[in-house]
Amino acid sequence: MAETPLHHSTDPFTDGEHSGHDPAVPSSDISTCGPDDGIPVVDFDVLVNGAADRRAQAIRDLGRACEDWGFFMVINHGVPEELKEAAMETCRELFSLPEEEKAEYLEARPMDPIRIGTGFFSVADGVRYWRDYLKMFAHPELHCPAKPPKLRDVAAEYSAKTRGLLLVLAKAISESLGLDGGRIPEATDLESCFQILVANHYPPYTGPGGAGLGLPAHSDHGFLTLLFQNGVDGLQVERDGRWRLAKPLPGAFFVIAGDQLEIVSNGRYRGALHRAVVGGERARMSVVSMISPCLDAVVEPIPELVPDGRGLEFRGVRYRDYMEHQQSNKLDGKGALDFARVQRDIAA
Ligand code: OGA
Ligand code: NI
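Predicted model only: the values in this text are computed from it and were never measured.

A. Spotlight on the layout of surface pockets. There is about 280 Å³ of room inside the largest pocket. What lines the largest pocket is a set of 19 residues, among which E81, F228, Q229, N230 and G231 lie closest to the centre. The set of elements that each furnish at least two residues to the lining of the largest pocket consists of helix 4 (81–96), strand 7 (224–229) and strand 10 (253–257). The element contributing the most residues to the lining of the largest pocket is helix 4, with six residues. When its residues are assigned to classes, the lining of the largest pocket shows nine nonpolar, four polar and six charged.

The structure is reproduced here in structure tokens:
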């Protein structure tokens, strides 16, 4: 299918070319990363309908996936393929709208409910990445650009379906930590969660070196991220110091553990470090649905996971403050987590 990349020269964020890739990442490192067949797979249907023993095993596997990877695939998830396709197609239409139709969202700031742009946060970063994006707050209230006209209905349905899926996963994750299914959702007010939808568009790469960065290494600021792509690979996940190319099983979603899960689990589960790499002639797109604690929830490690308060890794931070901090600074791997980390007295 023909793809029409945005004309970056007219983008108000850019005063020239994309820088292509982070100078710290040699393009050889970007392109030599092979696919990883070891990415854990979670069968959602077993979590919901499985007999007790199969379900218990699935919960243990889920726990191990969160501990070892912070990243897994979910199959048999029940989100209709037509709905995923409608979401992808509608976002593609948005990216190919003329610039003036999107102008009012292009200057938006990190906490504005609708943002369209290029790069991650180019003002703070000083670096452009090979990426266009749309970010919209989807819950408790859906904020949506007026065009394309069907975006509102598609986004409403897609956000509701994926929110339900992510909440079930959150309960199962809570159980996998030896807690009640409701414990983490209640502690983080996940039922009235804050949800964002993001569409990423990575134009065909024409920069130097054959490959570049669409999105630099980062962990997500929320609790859980659900992602699928348009059939073009490019998402890489770090594990044991190595980057691995994530190749989805047919129909599967990727799930990425975010910083808030790392905080509530007191570091037992980790927010996955990941990045998007571009290279080749086909445009890549991804559609992302992320749930997070309610914006006013103060997120801290679940006390039962920190007996006697010893080994407490994180302090309580209001999620709104955390998100604003992460979104207003240069994307720096997992550096944003230091905002919530308990600072130990070096002299002691
Ligand atoms: C993100 C993200 C990766 C991708 O939007 O936070 O990590 O593959 N996207 O688009
Ligand atoms: Ni991400």
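B. Spotlight on the side chain of N266. Tracing the backbone through its elements, the reader meets N266 in the loop between helix 9 (259–264) and strand 11 (274–278). Among the polar contacts made by the side chain of N266, one reaches the main-chain carbonyl oxygen of G311 at a distance of 3.0 Å. With residues up to four places along the chain from it excluded, the contact list for N266 reads P301, V306, G311, L312, E313 and F314.

C. Quick look at the confidence of the model for the chain. When pLDDT is averaged along the chain, the result is 88; 87% of the residues meet or exceed 70. Of the regions scoring below 50 in pLDDT, residues 1–24 engages in 57 contacts with residues more than four places distant in sequence or in other chains. Counted against residues more than four places away or in other chains, residues 120–124, with its pLDDT under 50, gives 21 contacts.

D. Just the nonpolar core, in detail. With 90 residues, the main nonpolar core has F71, L134, Y158 and L224 as its most contacted residues. Here the element with the most residues in this core is helix 7 (residues 151–176); it accounts for eleven residues. In this structure, Y205, L215, A276 and L331 belong to the second largest nonpolar core, which totals seven residues.

E. Representation of the coordination of the nickel ion (ligand 2) within the structure. Within the protein, the nickel ion (ligand 2) binds to H218 (NE2), D220 (OD) and H274 (NE2); these donor distances fall in the range 2.1 Å. All donors of the nickel ion (ligand 2) belong to a single chain; written as a sequence motif, their spacing is H-x1-D-x53-H. Of this pair, D220 sits in the loop between strand 6 (212–218) and strand 7 while H274 sits in strand 11; the two residues are 54 residues apart in sequence, bridging distant segments of the chain.

F. Structural view of the environment of E107. Structurally, E107 is set in the loop between helix 5 (103–106) and strand 3 (114–118). A C-alpha to C-alpha distance of 8.0 Å links E107 and G117, two positions ten residues apart in sequence.

G. Region of interest: the sheet that holds strand 2 (residues 71–75). An order of 1-2-10-7-12-5-4-3 is seen for the eight strands of this open sheet, with the pairing classed as mixed. Here the strands that pair on one side only, and so sit at the sheet edges, are strand 1 (41–43) and strand 3. When strand polarity is set aside, the average angle formed by the axes of neighbouring strands in this sheet is 25 degrees. Across seven bridges, strand 4 (residues 132–139) lies against strand 5 (residues 194–202) in antiparallel orientation. The partner of L134 across the bridge, within strand 5, is A199. Contacts from helix 4 reach strand 3, strand 4, strand 5, strand 7, strand 10 and strand 12 (284–292), with the element oriented near 110 degrees to strand 12. Running over the sheet, helix 10 (residues 319–328) touches strand 3, strand 4, strand 5 and strand 12 and is turned about 15 degrees from strand 5.

H. Spotlight on the packing of helix 3 (residues 52–68) against helix 7. Following both chains from N to C, one finds helix 3 and helix 7 inclined at 90 degrees, their axes separated by 9 Å at the closest point. As judged from the angle between their axes, helix 3 and helix 7 are roughly perpendicular. Contacts from R55, I59, L62, G63 and C66 in helix 3 reach L169, A172, I173, E175 and S176 in helix 7. Residue composition of the contact of helix 3 with helix 7, by class: six nonpolar, two polar and two charged.

I. Fine view of the site of ligand 1. The full set of residues close to ligand 1 is N200, Y202, L215, H218, D220, L227, L235, H274, R284, S286 and V288. One nitrogen or oxygen atom from the side chain of H274 is found 2.9 Å from an oxygen atom belonging to ligand 1. S286 places a side-chain nitrogen or oxygen 2.6 Å from an oxygen atom of ligand 1. Protein contact buries 93% of the 290 Å² of open area that ligand 1 shows by itself. When atom positions are compared with the pocket grids, ligand 1 is found to occupy the largest cavity. Residue assignment for the shell around ligand 1 shows that the elements contributing at least two residues are strand 5, strand 6 and strand 12. In terms of residue count, strand 12 provides more of the shell around ligand 1 than any other element does, three residues in total. Across the shell around ligand 1, the residue classes tally to five nonpolar, four polar and two charged.

Calculation rules
- Residues numbered from 1 in each chain as written.
- Chains lettered and ligands numbered in written order.
- Predicted model: local features only at pLDDT ≥ 70, side-chain atom pairs only at ≥ 80, totals over all residues.
- Heavy atoms only, no water.
- 1 Å grid on protein atoms, 1.4 Å probe; cavity = no way out; pocket = protein on both sides within 12 Å on 5 of 7 lines; lining within 4 Å.
- Points joined across faces, edges and corners; volume = space filled by probe spheres on them.
- Helix = DSSP H or I, 4+ residues; strand = E, 2+ residues; numbered from the N terminus.
- Nonpolar A, V, L, I, M, F, W, Y, C, P; charged D, E, K, R; others polar.
- Polar contact = N/O pair within 3.5 Å; in protein donor to acceptor, adjacent residues only side chain to side chain.
- Contact = heavy atoms within 4.5 Å.
- pLDDT = per-residue confidence, 0-100.
- Core = buried A, V, L, I, M, F, W, Y, C linked by side-chain atoms within 4.5 Å.
- Buried < 20%, exposed > 50% of the residue type's maximum accessible area, 1.4 Å probe, protein only.
- Donors = N, O, S within 2.8 Å, 3.2 Å for Na, K, Ca; no water.
- Pairing = 2+ DSSP bridges.
- Axes fitted to C-alpha atoms, helices over the stretch in contact; angles between N-to-C directions.
- Parallel < 35°, antiparallel > 145°, perpendicular 65-115°, else oblique.
- Near = heavy atom within 4 Å.
- Areas by Shrake-Rupley, 256 points an atom, 1.4 Å probe, with all protein chains shown as cover.
- Sits in = over half its atoms within 2 Å of the grid points.

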